[in-house]
Amino acid sequence: VPNVAQVVALASLVESRLRIIVATTHLYWRAECDNIRLVQMHKLVKGVMGFKDILEGADNGLEYIPIIAGDFNSDPD
């Protein structure tokens, strides 16, 4: 099942050292497919953290705060 996400790195105009990475996604919807959503989420977290590592390595010691949001199609249980 294809996984689609949007990821962007943002810098504050007010606080020069503040950097965030925002990612959003819509995971697979079928109720019986928890395993697919788990794999999709794992790939997204791994990708976001890899992006964070690249940016932090290139940005003279600045730290990026990752935020992942979206429709995870999961229930409270």
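A brief structural summary. (Residues numbered from 1 in each chain as written. Predicted model: local features only at pLDDT ≥ 70, side-chain atom pairs only at ≥ 80, totals over all residues. Heavy atoms only, no water.)

Notes on the environment of V48
Phase 1: Tracing the chain through its elements places V48 in helix α1 (residues 34-58).
Phase 2: Separated by 34 residues in sequence, V48 and V14 have C-alpha atoms that sit 24 Å apart.
Phase 3: Other than its neighbours up to four places away in sequence, V48 contacts V7, I21, A23, P66 and I68. (Helix = DSSP H or I, 4+ residues; strand = E, 2+ residues; numbered from the N terminus. Contact = heavy atoms within 4.5 Å.)

Observations regarding the sheet that holds strand β2 (residues 19-26)
Phase 1: Strand order in the open sheet formed by three strands is β1-β2-β3, and the pairing between neighbours is mixed. Every interior strand has two partners, whereas the edge strands, β1 (5-11) and β3 (64-71), have only one. Between one strand axis and the next, the sheet turns through 15° on average, direction left out of account.
Phase 2: In this structure, β2 lies alongside β3, joined through eight bridges in parallel fashion. (Pairing = 2+ DSSP bridges. Axes fitted to C-alpha atoms, helices over the stretch in contact; angles between N-to-C directions.)

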